[in-house]
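# Examination of the molecular architecture
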Amino acid sequence: MQERLTVEMASLFSGIVLSNVTREYPNKMDHVMLGAADVKGPRALHPLFYGSFDWHSCVHSYWLLSRIYRLHPTLPVSATIRRVIDQHFTVSNVAGELDYLKGTAHRSFERPYGMAWLLMLAAELGRHTSVEGRRWFDVLSPLATECAARLRAYIEAAGYPVRAGIHNNSAFALALGLEYAVICSDEPLAEVLREKCRSWFGNDANCPAWEPDGEDFLSPALTEALCMSRTLASSEFSTWLERFLPRLAAREPESLFLPAKVSDRTDPKFVHLDGVNLSRAWCWKSLGNLLAINDPRRAIALQSVDSPLAVSLPYIADNYAGAHWLATLAALALDNTPALHHR
């Protein structure tokens, strides 16, 4: 099994992502226009996150570059990564992004997916010990503070979770938000997210795992389990998982163990299914590493990482429909950084 983000993989991912973050077009914008003055291009609206086809993909592309820079600082490509981040992570560019968020028509902009990824980027920079990494963290902090406040307000106000395996999946946003809250010591945010996670998912049982839908890129069932693992203490989580997926030791529901098939990787929606495979690998690995050594579910979870990876990892750069975002999910599945769990 390919368990780690090796030097070779990090170099491959870096090459893919570096070509994306400064590529302004094609671009799919999430932009509400109140008048003709709002008709502007991506870079005019988003001086920092204008590349990679859409805002959230640009954000998590920088997350990937930042993580590779931290984990593999001696890579030949590290100098290029540092130069690109230095050029873009400036006080004025962050101020431009903040100005956009505070526009009257942008209350729900990239909520919750992009907001959660911005916090994930801040959490990654919070792990850095290099001078440049700390500088990047400080420059981004005003935007991270704003996104944390927005995510908290949204989660507090939301009455029901979104369980679909696409961008607005609530469990995914909670999981990423918790990573930021722990790494960056935002305990008020952590408490709000954990409380909502318990409220929304704590009583779930006998998950049928009717997935994937035809355009999913997340596994609703496994993403929920990952979220709960960051909310509950280890023993409490083990009991919850037994209720949620009671037949896991028998490899059921079968749908969670069958890699998704992608019919057309040039189609921007069908290629989402490569994301299902990569995100499942990430979730299985994270869950397996959490469960006790003598828990039979641990071996099954870890054995379930390889199959979805094998189906989709070779194709992450096949077409820009997937190449602008798939490397991030692949990196999560292969990452060397231990996943966060609530203790």
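Provided above is the structure to which this section pertains.
Residues numbered from 1 in each chain as written. Predicted model: local features only at pLDDT ≥ 70, side-chain atom pairs only at ≥ 80, totals over all residues. Heavy atoms only, no water.

### Quick look at the overall build of the protein
- Of the regular secondary structure elements, the protein holds 16 helices and 0 strands.
- Relative to the globule expectation of 20 Å for 343 residues, the C-alpha radius of gyration of the protein, 19 Å, shows essentially globular dimensions.
- Referenced to the eigenvectors of the C-alpha coordinate spread, the extents of the protein come out at roughly 55 × 45 × 40 Å.
- Taken over 343 residues, the protein has a buried fraction of 57%. (Helix = DSSP H or I, 4+ residues; strand = E, 2+ residues; numbered from the N terminus. Rg over C-alpha atoms; globule rule 2.2 N^0.38 Å. Buried < 20%, exposed > 50% of the residue type's maximum accessible area, 1.4 Å probe, protein only.)

### Digging into empty space enclosed by the protein
- One pass over the full model with this rule turns up 2 cavities of 30 Å³ or more.
- Taken as a whole, the largest cavity spans an internal volume of roughly 40 Å³.
- For the largest cavity, the full set of lining residues is L256, F257, L258, P259, R280, W284, S304 and P308.
- Split by residue class, the lining of the largest cavity holds 6 nonpolar, 1 polar and 1 charged.
- Every residue lining the second largest cavity is listed: I16, V17, N20, S61, A323, H324, W325, L326, A327 and T328.
- In terms of residue class, the lining of the second largest cavity is built from 6 nonpolar, 4 polar and no charged. (1 Å grid on protein atoms, 1.4 Å probe; cavity = no way out; pocket = protein on both sides within 12 Å on 5 of 7 lines; lining within 4 Å. Points joined across faces, edges and corners; volume = space filled by probe spheres on them. Nonpolar A, V, L, I, M, F, W, Y, C, P; charged D, E, K, R; others polar.)

### Quick look at the packing of helix α3 (residues 55-71) against helix α6 (residues 113-127)
- It is at 9 Å that the axes of α3 and α6 come closest, and there the two elements cross at 15°. Put simply, α3 runs roughly parallel to α6. Considering only the axes of α3 and α6, their crossing is left-handed. Together, W55, H56, V59, H60, Y62, W63, S66, R67 and R70 of α3 and Y113, G114, M115, W117, L118, M120, L121, E124, L125 and R127 of α6 make up the contact between the two elements.
- Its residues assigned to classes, the contact of α3 with α6 comprises 11 nonpolar, 4 polar and 4 charged. (Axes fitted to C-alpha atoms, helices over the stretch in contact; angles between N-to-C directions. Parallel < 35°, antiparallel > 145°, perpendicular 65-115°, else oblique. Left-handed = near helix turned anticlockwise from the far one by under 90°. Contact = heavy atoms within 4.5 Å.)

### Overview of α3
- Taking 1.5 Å of rise per residue, 17 residues should cover 24 Å, and α3 covers 25 Å from first to last C-alpha, within 8% of that figure.
- For α3, the buried fraction is high: 15 of the 17 residues fall into the buried class. (Expected span 1.5 Å × (residues − 1).)

### Focus: the nonpolar core
- Of all hydrophobic cores here, the largest spans 114 residues; its most connected members are F13, F49, Y62, F89, L118, L121 and L140.
- Apart from the residues within four sequence positions on either side, L118 is in contact with F49, W55, V59, L140, L143, A144 and C147. (Core = buried A, V, L, I, M, F, W, Y, C linked by side-chain atoms within 4.5 Å.)

### Quick word on the environment of W210
- With respect to the helices and strands, the residue W210 is situated in the loop between α9 (187-201) and α10 (220-229).
- Taking the relative accessible area as the measure of exposure, W210 reaches 76% and is therefore exposed.
- With 120 residues separating them in the primary sequence, W210 and T90 have C-alpha atoms 45 Å apart.

### Considerations on the side chain of D186
- Turning to its location among the elements, D186 is positioned in the loop between α8 (170-183) and α9.
- Buried D186, no salt bridge; nearest opposite-charge side chain is R152, N-O distance 5.4 Å.
- Here the side chain of D186 touches L189 through a polar contact of 3.1 Å, landing on its backbone nitrogen.
- Each residue touching D186, except ones within four places of it in the same chain, is listed here: A148, Y180 and A181. (Lys, Arg positive; Asp, Glu negative; His and termini not counted. Salt bridge = Lys/Arg side-chain N within 4 Å of Asp/Glu carboxyl O. Polar contact = N/O pair within 3.5 Å; in protein donor to acceptor, adjacent residues only side chain to side chain.)

### Some details on α10
- With 10 of 10 residues buried, α10 lies mostly within the body of the structure.
- Along α10, the residues classified as buried are P220, A221, L222, T223, E224, A225, L226, C227, M228 and S229.
- As for α10, its buried residues are in contact with α8, α9, α11 (234-244) and α12 (272-290).

### Here's the deal with the packing of α12 against helix α13 (residues 296-303)
- Contact pair α12 / α13: the axes reach a minimum separation of 8 Å and the direction vectors enclose 155°. One element, α12, and the other, α13, form an angle in the roughly antiparallel class. In the packing of α12 onto α13, the handedness of the crossing is left-handed. Taken together, the residues of α13 that come into contact with α12 (itself represented by W284, K285, G288 and N289) are R298, A301 and L302.
- Grouping the amino acids of the contact of α12 with α13 by side-chain chemistry returns 3 nonpolar, 2 polar and 2 charged.

### Describing unusual backbone geometry
- A cis amide bond links Y25 with the next residue in sequence, P26, at an omega value of 0°.
- Among the structural elements, P26 can be located in the loop between α1 (7-21) and α2 (42-45).
- Residue P253 is bonded to the preceding E252 through a cis peptide linkage, with omega at 0°.
- The phi dihedral of N206 falls on the positive side, at around 55°, and the residue is not glycine.

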